[in-house]
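Residue strings, one per chain:
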Amino acid sequence: MNALRKHNLTVPQDDSIISIDDLYVPQFLTPALTTVKVFTEAIGEIDVNTLKERIEADHIISKRIVLSTELIIRDTVRNSLEK
């Protein structure tokens, strides 16, 4: 956001910014940062289970894991309905 300001650009009018992981601080920035919330507890649980499976298996297990996320829209993304 600082780099955009240095070039006289504004958020979200000229550019949008989205972060990954909903940390505590972004909601208090000005403008409040839009973020994709990642459920880290679920990732940790999957990691532990995958490690257990690899230790117990006599071969490498390959699988695709898809986790859900949540988009938390705050002030750094322009509403598509705005003109």
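Please read all numbers here as calculations on a predicted model, not as lab measurements. (Residues numbered from 1 in each chain as written. Predicted model: local features only at pLDDT ≥ 70, side-chain atom pairs only at ≥ 80, totals over all residues. Heavy atoms only, no water.)

Here's the deal with the side chain of Arg74
Tracing the backbone through its elements, the reader meets Arg74 in the segment after strand S3 (69-72). A residue is classified by how much of its surface remains accessible, and Arg74, at 16% relative accessible area, is buried. Ignoring sequence-local partners within four residues, the contact set of Arg74 consists of Asp22, Pro26, Gln27, Ala32, Leu33, Thr34 and Thr35. (Helix = DSSP H or I, 4+ residues; strand = E, 2+ residues; numbered from the N terminus. Buried < 20%, exposed > 50% of the residue type's maximum accessible area, 1.4 Å probe, protein only. Contact = heavy atoms within 4.5 Å.)

Examining the environment of Thr35
In this structure, Thr35 sits in strand S2 (residues 34-38). In the structure, Thr35 is positioned 19 residues away from Arg54 in sequence and 33 Å away in space, judged by C-alpha atoms. Once residues lying within four places of it in the same chain are set aside, the contact partners of Thr35 are Ile18, Ser19, Ile20, Asp21, Asp22, Glu70, Leu71, Ile72 and Arg74. Of note is the side chain of Thr35, whose polar atom sits 2.9 Å from the side chain of Ser19. Within the structure, the side chain of Thr35 is placed 2.9 Å from the backbone oxygen of Asp21, a separation counted as a polar contact. (Polar contact = N/O pair within 3.5 Å; in protein donor to acceptor, adjacent residues only side chain to side chain.)

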